[in-house]
Amino acid sequence: FIPKEMDLDLTEPAIAHPSDTESVRQMRGRLHRKWKSRMTRLRMQNSSLKPTAPTPYDGTPDSNIFYKFILESVEYLNAGMVLKSNRVVKLQPFLKGKASLFFLREVGANARKWTLDDFFKKLMDYCFPRDYRAKQRGIFRNCRQAGRPLRDFIHELKELSTTVGDITHRDMVN
C-alpha cells in the first residue's frame, strides 16, 4: 500500500561490560564500529540537503492527491531519518481540514503507537466515502483495454489496484 520505509534503528549498541568474554567484547566492538560507520554515512548523506516537506493533505477524497501525499510523506520521513516511532507525529503539521480532524480524533496522544501503514489506511477510510473501495473494485472488474494503448490500460489497472488494496497479481492478469 505504501512505499517501503527505510529501516532506521539509530540506537547505539551496548558497550562492553567487564564481565563479558573476549568473543563477546569483540562482537560488541564490531557492532559499535559498524553502527558508528553507518551514522557517519547517514550524516554525510544528509548534511547538505534538507528534506522536502510533503504537500499538505486536506482530506480531499481524490486517490491521486492522497497517493501523492503518501509518496511525498514517506520520502520526507526517510530523507529526514525520522525514527519509526516518530513518523506519524512528524506528519501532523502537513494535515489540514478533514485529515487534521482525523489526527486529532483518532490518533491524538497515541501517535507514537501508530505505524505509518495503519495511519495511511485509517486516514483513507476516514476521508473517503465508505463505499469508495467497493466502487473502485467494481471499476477494476469492469476495466477493459478497449482499443487504447496497453501502457494506459496497465497504468489504470495499477492505479485501481492501489486504491482497492487487496488486488493480487492474478487479479491483474485476469
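Refer to the structure presented above.
Remember, predicted model here, so these are calculated numbers, not experimental data.

**Q** When you look at the packing of aromatic side chains in this model, what are you seeing that I'm missing?
**A** Centre-to-centre distance and the angle between the planes together describe a pair of aromatic rings. Enumeration over the complete set of coordinates arrives at 12 aromatic pairs. Residues phenylalanine 102 and phenylalanine 119 carry aromatic rings whose centres are separated by 5.8 Å and whose planes lie at 45 degrees to one another, so their mutual orientation is tilted. Of the two residues, phenylalanine 102 is situated in helix α4 (residues 97-107) and phenylalanine 119 in helix α5 (residues 116-127); the sequence distance between them amounts to 17 residues. You can call phenylalanine 119 buried: its relative accessible area is 0%.

**Q** So what exactly am I meant to see when it comes to the packing of helix α2 (residues 63-79) against α5 here?
**A** Two quantities define a packed helix pair, namely the angle between the helix axes and the distance between the axes. Contact pair α2 / α5: the axes reach a minimum separation of 12 Å and the direction vectors enclose 160 degrees. By the angle class used here, α2 and α5 are roughly antiparallel. Of the two elements, α2 crosses α5, and the hand of that crossing is right-handed. For the pair formed by α2 and α5, the contact residues are Phe66, Phe69, Ile70, Ser73, Val74 and Leu77 on the first element and Leu116, Phe120, Leu123 and Met124 on the second.

**Q** Mind showing me how you'd approach the packing of α4 against α5 here?
**A** Running from amino to carboxyl end, α4 crosses α5 at an angle of 120 degrees, the nearest separation of the two axes being 10 Å. Between α4 and α5, the interaxial angle falls into the category oblique. As α4 runs across α5, the sense of the crossing is right-handed. Mapping the contact onto sequence places Lys98, Ala99, Leu101, Phe102, Phe103, Arg105, Glu106 and Val107 in α4 and Phe119, Lys122, Leu123, Tyr126 and Cys127 in α5. Of the residues assigned to the contact of α4 with α5, the class counts are 9 nonpolar, no polar and 4 charged.

So, how was this worked out
- Residues numbered from 1 in each chain as written.
- Predicted model: local features only at pLDDT ≥ 70, side-chain atom pairs only at ≥ 80, totals over all residues.
- Heavy atoms only, no water.
- Phe/Tyr/Trp six-rings, centres within 6.5 Å; stacked < 30°, edge-to-face > 60°.
- Helix = DSSP H or I, 4+ residues; strand = E, 2+ residues; numbered from the N terminus.
- Buried < 20%, exposed > 50% of the residue type's maximum accessible area, 1.4 Å probe, protein only.
- Axes fitted to C-alpha atoms, helices over the stretch in contact; angles between N-to-C directions.
- Parallel < 35°, antiparallel > 145°, perpendicular 65-115°, else oblique.
- Left-handed = near helix turned anticlockwise from the far one by under 90°.
- Contact = heavy atoms within 4.5 Å.
- Nonpolar A, V, L, I, M, F, W, Y, C, P; charged D, E, K, R; others polar.

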